[in-house]
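A look at the structure
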Amino acid sequence: MFKAVPSSYLVPHDSSFDLEKALTVIEDRPKKKALKKALQQEVQRLHDLQRVFYAHDRHSLLLVFQAMDAAGKDSTIRSVMSGINPAGCQVFSFKKPSSKELDHDFLWRTNCCMPERGRIGIFNRSYYEEVLVVRVHPEYLKYQRLPNSLNLETLWSERLESINDMEKHMARNGTVIVKFWLNVSMQEQKRRFLSRLNEPEKNWKFAVGDVVERGHWDDYMKAYQEALNATSTPSAPWYAIPADNKPYMRLTVARIIRQTLESLSLNYPRVDSKEQARFDEMRQLLENE
Ligand code: ATP
Ligand code: MG
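Just so you know, these numbers come straight off a predicted model, no measurement behind them.

For the rest of this paragraph, the subject is the site of ligand 1. In the region of ligand 1, 14 residues are neighbours, and Asp74, Lys95, Arg125, Glu129 and Glu130 sit closest. Lys95 places a polar side-chain atom, nitrogen or oxygen, 3.0 Å from an oxygen atom of ligand 1. In this structure, an oxygen atom belonging to ligand 1 sits 3.2 Å away from a main-chain N or O atom of Lys96. For the shell around ligand 1, the elements supplying multiple residues, two or more each, are helix H2 (73–80) and helix H5 (133–136). A class-by-class count of the residues in the shell around ligand 1 yields five nonpolar, no polar and nine charged.

Our focus in this paragraph is the nonpolar core. Counting residues in hydrophobic clusters, the biggest one holds 83 residues, and the most contacted among them are Leu63, Tyr127, Phe180, Trp181 and Leu182. Leaving out residues up to four positions away in the same chain, Phe180 has contacts with Leu63, Val64, Phe65, Gln66, Trp238, Tyr239, Ile241, Val253, Ile256 and Ile257.

So, about the environment of Pro242. Looking at the secondary structure, you find Pro242 in strand S5 (residues 238–242). Assessed through its relative accessible area of 2%, Pro242 is described here as buried. Distance from Pro242 to Leu63, taken between C-alpha atoms, is 17 Å for residues 179 residues apart in sequence. With near-sequence residues (within four places) excluded, Pro242 lies in contact with Tyr9, Leu23, Thr24, Val25, Ile26, Asn183, Tyr248 and Met249.

This next bit is on unusual backbone geometry. The backbone phi angle of Ala70 is positive, close to 65 degrees, even though this residue is not glycine. Along the chain, the position of Ala70 falls in the loop between strand S1 (60–67) and H2. Unlike most non-glycine residues, Arg145 shows phi in positive territory, near 45 degrees. The exposed category is assigned to Arg145, whose relative accessible area is 58%.

What counts and what doesn't
- Residues numbered from 1 in each chain as written.
- Chains lettered and ligands numbered in written order.
- Predicted model: local features only at pLDDT ≥ 70, side-chain atom pairs only at ≥ 80, totals over all residues.
- Heavy atoms only, no water.
- Near = heavy atom within 4 Å.
- Polar contact = N/O pair within 3.5 Å; in protein donor to acceptor, adjacent residues only side chain to side chain.
- Helix = DSSP H or I, 4+ residues; strand = E, 2+ residues; numbered from the N terminus.
- Nonpolar A, V, L, I, M, F, W, Y, C, P; charged D, E, K, R; others polar.
- Core = buried A, V, L, I, M, F, W, Y, C linked by side-chain atoms within 4.5 Å.
- Buried < 20%, exposed > 50% of the residue type's maximum accessible area, 1.4 Å probe, protein only.
- Contact = heavy atoms within 4.5 Å.

Written as structure tokens, this is what we have:
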């Protein structure tokens, strides 16, 4: 099975992750220009790796992005995946569940969107919302019409267990799962909200509800701390990425994806001798046309 690539941002698998100590910014980072240049190189490398990943056709790659609002999920996905052949990659954004989705178990809607072998699937928000936003707002549970016998005391740990089981199952079947928590500070979020309010071309990104959710910051952090500790496993690692500086964040995410793909020892399928003989026949046929 695949192994998590080493990184100082890897959330350890022993539940020792302390979110309060997780960095939101790296002060001695390279200059913006150097970060952008390095990202371009990573994007080119990702392009090459994706081609062989597709041809190799043994794994699928699931990239999960979770974050507070305005952390930069969309722009990270856009820039990191900019060199990827769109035919081999699909992005799904999970919003408030529809009534049809609410009629199913909480993993159903994302299970329907898992990437096929050879493909890359990106989840912009995911089943983790069920142990994050829903945990912060337990009143949302009433829309899920769960059985009355359900014990609220154990609900969250049971959901985390279901997620671990599902991810293990996916990993056993060839899905490589890499999860990113984009760790933006409260201060930087405020700055980004204000620029959404103050700059007309960014107004469309502003949602009143985002400011309301910001009021629950501590509850979200508690939910993240617990979820990341419970579900950062060798088969589905979490990386907590400093998100206050976008160029640094994008490069770090791209690097981890590139290293993950490299660790899979991908190769283009080789034809066997029988097939080779058939190829020779076809070549001759074409040449003699
Ligand atoms: P952006 O704001 O960048 O467009 P977004 O991912 O924040 O992207 P929105 O439409 O603003 O998209 O918000 C989606 C909302 O849906 C989020 O507040 C999220 O917490 C909520 N959501 C996602 N999944 C669930 C869920 N399972 N139950 C309840 N709420 C959910
Ligand atoms: Mg939003």
